[in-house]
Amino acid sequence: MNFWILFQGFGLGASMIIPIGAQNAYILNQGIKKNHHLTAATLCSLIDALLISLGVFGGGAILSQNELLLSTVTIGGIAFLTFYGYLSLKSAFQSQTENLDINTITKSRRSVILSVFAVSLLNPHVYLDTVVVLGSIGGQFEGSDRLSFAIGTMTASFVWFFALSIAASKLAPTLSKPKVKVSIDIGVALIMFLIAASLAKGLIIQHL
C-alpha cells in the first residue's frame with residue numbers, strides 16, 4: 001500500500017467532506033440531541049464509502065453523463081432540503097421560553113436512518129463530490145495506488161463524521177441552551193434553504 005497516496009486521498013477527501021453541507025448540518029443536529037448520532041455518522045460514512053468506491057472504480061463517467069438521473073435526484077433533494085429547513089426554522093421559533101431536556105426530544109432509529117439516506121442520496125452535491133470529482137481523480141491511479149487513494153478518502157469521511165458527531169454530543173449541554181439552540185436551528189435552516197436554492201438554480205440553468 002502506498003501511504004503517500006493514501007494521505008493524499010485523505011487530504012482531498014477531507015477537503016470535500018468538511019465544508020458545511022446538508023450531511024454535516026444533520027449530523028451536528030443529531031449529535032446535539034444525542035439522538036442515534038453514532039448511527040447517523042456510521043451511515044453517512046458508509047454511504048460516502050460506497051459512492052467513492054463507485055466513482056474510483058469506474059462509475060463516475062456513467063453518473064456524470066446520466067442527466068435524467070441527476071435531474072431526478074436534484075428535484076428530490078430540493079424538496080427534502082426545503083422541508084428539513086422548514087422543520088429547523090419551526091423548531092427555532094417554537095416555545096423558546098421552555099427549557100426542555102434535549103434528550104426527551106428524540107426520533108426513532110428508523111426515522112434517523114431514513115433521514116440520513118434522504119439527506120445523503122437526495123443531494124446531488126454528494127454524488128458530484130464523491131463519485132465524479134474523487135472518482136475522476138482516483139481513476140487516474142492504477143492497481144494498489146488506486147486502492148490506497150480510495151481508502152484514504154473513505155477514512156477521511158469516517159474520521160470527520162464521527163468526530164463531528166461525538167464533539168456535538170459532548171458539547172450538547174452548551175449547544176442545547178435555548179439561545180444557542182435557536183441560533184443553530186436557524187443556521188441549519190439557512191444552510192438547507194441555500195443548498196436547495198443552489199440546486200434549483202442549477203437545474204433551471206441546465207434546462208434553459
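Cut-offs used in this document
- Residues numbered from 1 in each chain as written.
- Predicted model: local features only at pLDDT ≥ 70, side-chain atom pairs only at ≥ 80, totals over all residues.
- Heavy atoms only, no water.
- Helix = DSSP H or I, 4+ residues; strand = E, 2+ residues; numbered from the N terminus.
- Buried < 20%, exposed > 50% of the residue type's maximum accessible area, 1.4 Å probe, protein only.
- Contact = heavy atoms within 4.5 Å.
- Areas by Shrake-Rupley, 256 points an atom, 1.4 Å probe, with all protein chains shown as cover.
- Core = buried A, V, L, I, M, F, W, Y, C linked by side-chain atoms within 4.5 Å.
- Axes fitted to C-alpha atoms, helices over the stretch in contact; angles between N-to-C directions.
- Parallel < 35°, antiparallel > 145°, perpendicular 65-115°, else oblique.
- Left-handed = near helix turned anticlockwise from the far one by under 90°.
- Nonpolar A, V, L, I, M, F, W, Y, C, P; charged D, E, K, R; others polar.
- pLDDT = per-residue confidence, 0-100.

Visitor: Even after reading the chapter, I still don't get the overall build of the protein chain, so can you show me in this structure?
Guide: When helices and strands are tallied, the protein chain shows nine helices and zero strands. Of the regular secondary structure in the protein chain, the N- to C-terminal order runs α-α-α-α-α-α-α-α-α. Across the 208 residues of the protein chain, 44% fall into the buried class. Here the contacts in the protein chain between residues at least 6 apart in sequence split such that 89% fall between residues at least 24 apart. For the protein chain, the exposed surface amounts to about 10,600 Å²; the carbon and sulfur share of it is 69%.

Visitor: Even after reading the chapter, I still don't get the environment of Q140, so can you show me in this structure?
Guide: Residue placement: Q140 occurs in the loop between α6 (124–138) and α7 (143–170). For the pair formed by Q140 and V56, sequence separation is 84 residues and the distance between their alpha carbons is 8.6 Å.

Visitor: Explanation requested: the nonpolar core in the structure shown.
Guide: Grouped burial of nonpolar side chains is what soluble globular proteins tend to show. In terms of nonpolar packing, the biggest core is built from 35 residues, with Y26, I27, L81, V116 and M192 touching the most fellow members. Looking at this core, the elements with two or more residues in it are α2 (22–33), α3 (37–65), α4 (67–92), α5 (109–121), α6, α7 and α9 (178–206). It is α9 that contributes the most residues to this core, seven residues altogether. Formed by eight residues, the second largest nonpolar core is a distinct cluster that contains V56, L134, F149 and A150.

Visitor: Can you help me understand the side chain of S115 in this one?
Guide: Along the polypeptide, S115 turns up in helix α5. Filtering out sequence-adjacent residues up to four positions away, S115 remains in contact with Y26, F80 and K107.

Visitor: Would you mind going over the packing of α2 against α9 with me for this structure?
Guide: Between two packed helices, the angle of one axis relative to the other and the distance separating the axes together describe the packing. Their axes nearest at 10 Å, the elements α2 and α9 cross at an angle of 160°. Relative to α9, the element α2 lies roughly antiparallel. At the point where α2 passes α9, the crossing takes the left-handed sense. Contacts from A22, A25, N29 and I32 of α2 reach α9 at I184, D185, V188, M192 and I195. Each residue belonging to the contact of α2 with α9 can be placed in one class, and the counts come to seven nonpolar, one polar and one charged.

Visitor: Would you mind going over the confidence of the model for the protein chain with me for this structure?
Guide: Detail in the predicted coordinates should be disregarded across regions flagged by low pLDDT. Mean pLDDT over the protein chain stands at 81; residues scoring 70 or higher make up 88%. Segment residues 97–104: pLDDT under 50, and seven contacts once partners within four positions in sequence are set aside and those in other chains are kept.

Visitor: When you look at the packing of helix α1 (residues 3–17) against α7 in this model, what are you seeing that I'm missing?
Guide: Contact pair α1 / α7: the axes reach a minimum separation of 7 Å and the direction vectors enclose 40°. Judged on the interaxial angle alone, α7 and α1 are oblique. Here α1 runs over α7; the crossing is right-handed. Listed contacts from α7 to I5, L6, G9, F10, L12, G13, A14 and I17 of α1 are D145, S148, F149, I151, G152, T153, T155, A156, S157, V159, W160 and F161. A class-by-class count of the residues in the contact of α1 with α7 yields twelve nonpolar, seven polar and one charged.

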